[in-house]
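Chain residues, written in single-letter form:
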Amino acid sequence: MGKKPRPRRSFTPEFKAEIVELCRRGDRSVGQVAKDFDLTETAVRLWVSQAETDAGERDGLTSSEREEPAALRRENRRLREDVEILKRATAFFAKETR
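Just so we're clear, the structure is a prediction, and the values are computed from it rather than from any experiment.

Quick word on the layout of surface pockets
Quantified by volume, the largest pocket comes out at close to 320 Å³. Lining the largest pocket, in full, are Arg-6, Pro-7, Arg-8, Arg-9, Ser-10, Phe-11, Lys-16, Leu-39, Thr-40, Ala-43 and Trp-47. Tallied by class, the residues present in the lining of the largest pocket amount to five nonpolar, two polar and four charged. A volume near 240 Å³ is recorded for the second largest pocket.

Set out below in structure tokens:
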């Protein structure tokens, strides 16, 4: 029997920051911190490395740089929807005034 996949959980940025802080203090290994908080070692390592990137200690995209494309796509979609609504409204009023 394989291990049952664990359900995907989400954690607040504050919680992640606390875990990263525990790892960086150096009293416990990443593996030990992960075990103590029932987290996967992979997730904890990712959080630590993202925190280092955000702090400018490691090359890579910061969290805000990672978030930006998704935010821009959302805004783009909203604007396209607004344009469609305005086109329909314009066509409607153009018919009304003839």
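Description of the confidence of the model for the protein chain
In this model, the protein chain carries a mean pLDDT of 89, and residues with pLDDT of at least 70 account for 98%. Looking at the elements of the protein chain, mean pLDDT is at its lowest for helix 4 (residues 63-97), recorded as 89, and at its highest for helix 2 (residues 30-36), recorded as 95.

Some points on helix 1 (residues 13-25)
Its 13 residues place the ends of helix 1 18 Å apart at the C-alpha level, agreeing with the 18 Å of an ideal helix rising 1.5 Å per residue. For helix 1, the set of buried residues is Ile-19, Val-20, Leu-22 and Cys-23. Across the axial projection of helix 1, the buried residues extend over an arc of 155°, all falling on one side. Facing away from the buried side of helix 1, by more than 90 degrees, are the exposed residues Pro-13, Glu-14, Glu-18 and Arg-25.

Focus: the packing of aromatic side chains
Across all of its chains, the model carries five aromatic pairs by this definition. A ring pair is formed by Phe-11 and Phe-15, whose centres lie 5.2 Å apart and whose planes are at 20°; its orientation type is stacked. On the basis of relative accessible area, Phe-11 is assigned to the partly exposed category, the value being 26%. In this structure Phe-15 comes out as partly exposed when scored by relative accessible area, which is 26%. Look at Phe-92 and Phe-93: their rings are 5.2 Å apart centre to centre, the planes differ by 75°, and that puts the pair in the edge-to-face class. Looking at Phe-92, the relative accessible area reads 44%, which means it is partly exposed.

Analysis parameters
- Residues numbered from 1 in each chain as written.
- Predicted model: local features only at pLDDT ≥ 70, side-chain atom pairs only at ≥ 80, totals over all residues.
- Heavy atoms only, no water.
- 1 Å grid on protein atoms, 1.4 Å probe; cavity = no way out; pocket = protein on both sides within 12 Å on 5 of 7 lines; lining within 4 Å.
- Points joined across faces, edges and corners; volume = space filled by probe spheres on them.
- Nonpolar A, V, L, I, M, F, W, Y, C, P; charged D, E, K, R; others polar.
- pLDDT = per-residue confidence, 0-100.
- Helix = DSSP H or I, 4+ residues; strand = E, 2+ residues; numbered from the N terminus.
- Expected span 1.5 Å × (residues − 1).
- Buried < 20%, exposed > 50% of the residue type's maximum accessible area, 1.4 Å probe, protein only.
- Arc of directions from axis to C-beta.
- Phe/Tyr/Trp six-rings, centres within 6.5 Å; stacked < 30°, edge-to-face > 60°.

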